Amino acid sequence: MPNIIEVHNINKIYGQGENSIRVLKDVSLKIKRGDFVAITGQSGSGKSTLMNILGCLDKPSSGYYAIDGHDTKNLSPNALAKLRGEKIGFIFQRYNLMNALSALDNVCLPAIYAGISPFQRKHRAQEILETLGLKGKIKNKPTELSGGQQQRVSIARALMNGGEAILADEPTGALDSKSGVNVMQILLDLHAKGHTIIVVTHDPHVASYAKRVIEIKDGQILSDTRNGEFKTIEAEILKKNKRTPFLYQRDQLIESLKMSVQAIYAHKLRSILTMLGIIIGIASVISVVALGNGSQAQILENITAMGTSTIDIRPGKGFGDRTARTIKTLVVDDANALASQSYIESVSPISSSSGNVIYKNLSSKALLLGTGEHYFDVRGLTMAVGRLYTKEEVLNGDPLIVIDKPMYDEFFPNGENPIGELILFNRQPLTIIGIAAKSARDNSDTLRIYAPYTVVMNRITGSRNITSITVKITDDIPPAMAEKNLTSLITSRHGTKDFYTLNFDSIRQNVKAASATMTLLISGIAFISLVVGGIGVMNIMLVSVTERTKEIGIRMAIGARPYNILQQFLIEAILICIIGGVIGVGLAYGIGLIMEKFAPDVAMLFSMNSVILAMTCSTVVGVLFGFMPARNAALLNPIDALSRE
Ligand SMILES: Nc1ncnc2c1ncn2[C@@H]1O[C@H](COP(=O)(O)OP(=O)(O)O)[C@@H](O)[C@H]1O
Ligand SMILES: [Mg+2]
């Protein structure tokens, strides 16, 4: 029968250089399977240090250490954790239970890391807790249990994976004498069942339970006495159903996820504050992109409504030219000259005037738009009711008008038939012959009246010049070429270029280009805000690792491998980001709904792409910024983590 624990010439040195202290000095020790050993000595003699090395929580500075015949020197931290989890159960003076978990969940924890199925571990944990007299307490949190009960929970936890060797560091140190006796009795029972028990204590009474007492002083073995014999019995080892690597990984992932949710839930406020950066980042990106897309679509729709293959000719140097009013060179003959060009499909001179409309007892301001008979065609407008004026009526200057839908709604609120009705525009009587169908530009507040341009020029403005010319070009010529040709034609007619052209196709393109630039800009801002959010997450995760060092230590002591810890913290970071992302998306849609209700003119166009992109981004942020803190946690030395308060 091999020794369950064997150390040879181990030394432990704390600190470096002058300040270093040698706490263990060439300690050699063999512990047989099934023995009950007490390690005693005064406080500060090195008992705990030795115990931690025996339990693989700490590494000796030098010397040989084997557990169950395996040399631990060349084992990776992951392999060491596995060995620790399977062979050794710890009992600590201060119990080291997780306060957020119930007694049952605390006991189940080692089995999770050992990869035992949920059903089996629950069943077993319940059984052990019941044998230790904790029936009815299994749902209690540690804070709802007495010290003695907590210590029994921690014994149950030590037994969970089999606990061939149970290492107890001052197990009765924090208990009243009655509970202390109870705990020692349990250890004695376990010894009788074949478990190897190693108890560290400064109390001679506790040591008297043991079959072998090793006294150490100043890091050296002072005496080694056998007080009683024992029989080596095969301890009842947990026969676990082998899980396939896939099932094992899946279990670990589910458990990590559960623990992350618990951790996030346990620190609600902090979690939400952490998410805030991500929430704001994602919500603003999605809603700003939606706003951009919405207004772009609206603008493009309006431009399309004006006709894509049309070119406007207006006096002046460009938009907003104040001298344009004084330029009176644009005349109907210019329009006629253009009409004879092969690349021009139709032309409409425009002469507009704003003024006052009166019908019966109603009156309102309106824009009177004098046009040719092709205007509706050029602008893509259609009639809802009645007809448009004809070429002859335009030439004759017949006082006929077509009103737009908003005007009809205002002046004929009861749906009366307007055809044939007379209205007064600046005191001139005009006869309604039709209503234009609703178009995109009806969003504007001004009421519109369409009339032959001759009517506007002769009866209203009385001037010879016109406001603009709208041209529809044929499909077989590029708009830019047509624009160039008609520019040179009008320039030669006027002798100078005292007008400008508006090509709606190029405006359309400019709008698209401008919004592409905007999208790029917004994406940049979004990127920055996500990075800032990510740094927030990293910051909190780093704090969280520091704050939960003790928890990490406990997990490692009961068999969590570094990669389990890495996984847990990484998943927590990712989860925070994903939840933040989901809330952000929800917030953006909420803003969209509110806007729709209270500001229906503001168009927001949500795209699935931006949602997918935002979610991907927040996940990536979680991985990137969660990795460092998670790795810090995984790299902690178990005993350093455990001794942190
Ligand atoms: N992490 C550490 N760094 C430096 N010194 C330590 C550390 N841990 C323990 N020591 C020192 O090692 C000695 C033995 O400590 P310990 O093993 O805890 O004693 P015991 O458990 O017998 O009371 C003490 O002098 C203690 O101050
Ligand atoms: Mg100690």
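Residues numbered from 1 in each chain as written. Chains lettered and ligands numbered in written order. Predicted model: local features only at pLDDT ≥ 70, side-chain atom pairs only at ≥ 80, totals over all residues. Heavy atoms only, no water.

Draft legend 1. Structural view of the sheet that holds strand 8 (residues 196-201). A sheet is described by the order of its strands in space; here 6 strands give the open sequence 6-7-8-3-9-10, paired in mixed fashion. Sheet topology places strand 6 (88-91) and strand 10 (220-226) at the edges, where each strand pairs with a single neighbour. Sheet twist, expressed as the mean angle between neighbouring strand axes with direction ignored, is 15°. Where strand 9 (residues 212-217) lies against strand 10, 6 bridges are found, and the strand directions are antiparallel. Paired with Ile214 across the bridge in strand 10 is Asp224. Across the sheet, helix 5 (residues 147-159) touches strand 6 and strand 7 (165-169), and the angle it forms with strand 6 is around 170°. (Pairing = 2+ DSSP bridges. Helix = DSSP H or I, 4+ residues; strand = E, 2+ residues; numbered from the N terminus. Axes fitted to C-alpha atoms, helices over the stretch in contact; angles between N-to-C directions. Contact = heavy atoms within 4.5 Å.)

Draft legend 2. Geometry of a nonpolar patch on the surface. There is a patch of nonpolar side chains on the surface, built from Leu269, Ile272, Leu273, Leu276 and Ile280 and spanning about 500 Å² of accessible area. Relative to the assigned elements, Leu269 resides in helix 9 (residues 268-306). Judged by relative accessible area, which is 63%, Leu269 ranks as exposed. (Patch = residues over 30% accessible without salt bridge, like charges linked within 9 Å, V, L, I, M, F, W, Y side chains within 5 Å. Areas by Shrake-Rupley, 256 points an atom, 1.4 Å probe, with all protein chains shown as cover. Salt bridge = Lys/Arg side-chain N within 4 Å of Asp/Glu carboxyl O. Buried < 20%, exposed > 50% of the residue type's maximum accessible area, 1.4 Å probe, protein only.)

Draft legend 3. Structural view of the pattern of salt bridges. Applying the stated criterion to the full structure yields 22 salt bridges. Among the ionic pairs, Arg33 bridges to Glu164, the shortest N-O distance being 2.5 Å. With Arg33 in the loop between strand 2 (21-32) and strand 3 (36-40) and Glu164 in the loop between helix 5 and strand 7, this residue pair connects regions lying 131 residues apart in the sequence. Each member of the pair, Arg33 together with Glu164, is buried. A salt bridge links Glu255 to Arg121; the shortest N-O distance between them is 2.6 Å.

Draft legend 4. Region of interest: helix 10 (residues 332-339). Among the residues of helix 10, Val332, Asp334, Ala335, Ala337 and Leu338 are the ones counted as buried. Turning to helix 10, the residues buried within the fold contact strand 11 (310-315), strand 12 (344-359), helix 14 (453-461), strand 19 (468-473) and helix 15 (479-494).

Draft legend 5. Here's a closer look at the site of ligand 1. The environment of ligand 1 is formed by Tyr14, Ile21, Val23, Gln42, Ser43, Gly44, Ser45, Gly46, Lys47, Ser48 and Thr49. Within the contact set of ligand 1, an oxygen atom lies 2.7 Å away from a backbone nitrogen or oxygen of Gly44. One of the side-chain N or O atoms of Ser48 is found 2.7 Å from an oxygen atom in ligand 1. Computed on the free molecule, ligand 1 has an accessible area of 560 Å², of which 57% lies beneath the protein chains in the complex. Where the shell around ligand 1 is concerned, the elements lending two or more residues are strand 2 and helix 1 (47-54). In terms of residue count, helix 1 provides more of the shell around ligand 1 than any other element does, 3 residues in total. Residues of the shell around ligand 1, tallied by class, amount to 3 nonpolar, 7 polar and 1 charged. (Near = heavy atom within 4 Å. Polar contact = N/O pair within 3.5 Å; in protein donor to acceptor, adjacent residues only side chain to side chain. Nonpolar A, V, L, I, M, F, W, Y, C, P; charged D, E, K, R; others polar.)

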